[in-house]
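Structural overview
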Amino acid sequence: MAVQKTLELDFLNQLNRTHRLRVYNAKDELVTPEIVAVMDEIIDKNIFSGSGGELTGKISARMVIRETTEFDLI
């Protein structure tokens, strides 16, 4: 059984659309203040932009945990 943890960060861009960043294999020990600080830094330093322009605000963050079970068919 494999477990994959993905941190999803949702931002608002200049066109008032949602821009999602995914961080795969996120560590277990993340806490809200760390996530908020990183999101603020991404916005302040204008690290990412897309077709909707610069990121202008935070919308949400979530940890998605996916569990996969492989079956041996032999």
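These remarks concern the structure in this document. No experiment lies behind these values; they were computed from the predicted model shown.

When charged atoms on two side chains of opposite charge get close, those side chains can pair. Enumeration according to the criterion identifies 8 salt bridges in this entry. Put simply, E8 and R62 hold a salt bridge, and the shortest N to O gap is 3.6 Å. With E8 in strand 1 (residues 2-13) and R62 in strand 4 (residues 53-68), this residue pair connects regions lying 54 residues apart in the sequence. Overall, E8 belongs to the buried group, its relative accessible area being 11%.

The next thing to look at is the environment of S49. On the secondary structure map, S49 appears in strand 3 (residues 49-50). Linking S49 and M63, residues 14 residues apart in sequence, is a C-alpha distance of 22 Å.

Here strand 1 pairs with strand 4 via 12 bridges, running antiparallel. Note that in strand 4 the partner of L7 across the bridge is M63. In the sheet, strand 3 pairs with strand 4 via 2 bridges, with the strands oriented antiparallel. Within strand 4, the position partnered with S49 by the bridge is E54. What sits between the antiparallel neighbours strand 3 and strand 4 is a turn of 2 residues.

Together, M1, V3, M63 and I65 make up an exposed nonpolar region whose accessible area comes to about 420 Å². Take V3: it is sitting in strand 1. By relative accessible area, V3 is classed as partly exposed at 48%.

What follows covers the nonpolar core. Judged by nonpolar contacts, L7, L9, F11, L21, A26, I35, M39, I42, I43 and L55 together constitute the single largest core of 10 residues. Within the residue set of this core, elements represented by two or more residues are strand 1 and helix 1 (32-44). At 4 residues, the largest contribution of residues to this core is made by helix 1. Ignoring sequence-local partners within four residues, the contact set of M39 consists of L9, D10, F11, K58, S60 and A61.

Conventions used here
- Residue numbering note: each chain is counted from 1, following its sequence as written.
- The predicted nature of this model means local features are confined to residues of pLDDT at least 70 and side-chain atom pairs, given and counted, to a pLDDT of 80 or more, with totals for whole chains, interfaces and linings taken over all residues.
- With hydrogens and water set aside, each side-chain value is computed from the structure's full complement of heavy atoms.
- Salt bridge, as applied in this entry: a Lys or Arg side-chain nitrogen positioned within 4 Å of an Asp or Glu carboxyl oxygen.
- Strands here mean DSSP runs of E at least two residues long; helices mean DSSP runs of H or I at least four residues long; both are numbered from the N terminus.
- Working definition: with a 1.4 Å probe on protein chains only, accessible area under 20% of the residue-type maximum means buried, over 50% means exposed, and in between means partly exposed.
- Here, any two strands with at least 2 DSSP bridges between them count as paired.
- Only residues whose relative accessible area exceeds 30% and that take part in no salt bridge are eligible for patches, with like-charged residues grouped when within 9 Å of each other and nonpolar side chains (Val, Leu, Ile, Met, Phe, Trp, Tyr) grouped when within 5 Å.
- Accessible surface is estimated by sampling points in the Shrake-Rupley manner with a 1.4 Å probe; for residues, cover comes only from the protein chains shown.
- Here, nonpolar core means buried Ala, Val, Leu, Ile, Met, Phe, Trp, Tyr and Cys residues that are tied together by side-chain atoms lying within 4.5 Å of each other.
- The contact criterion used is simple: two residues touch if any of their non-hydrogen atoms lie within 4.5 Å.

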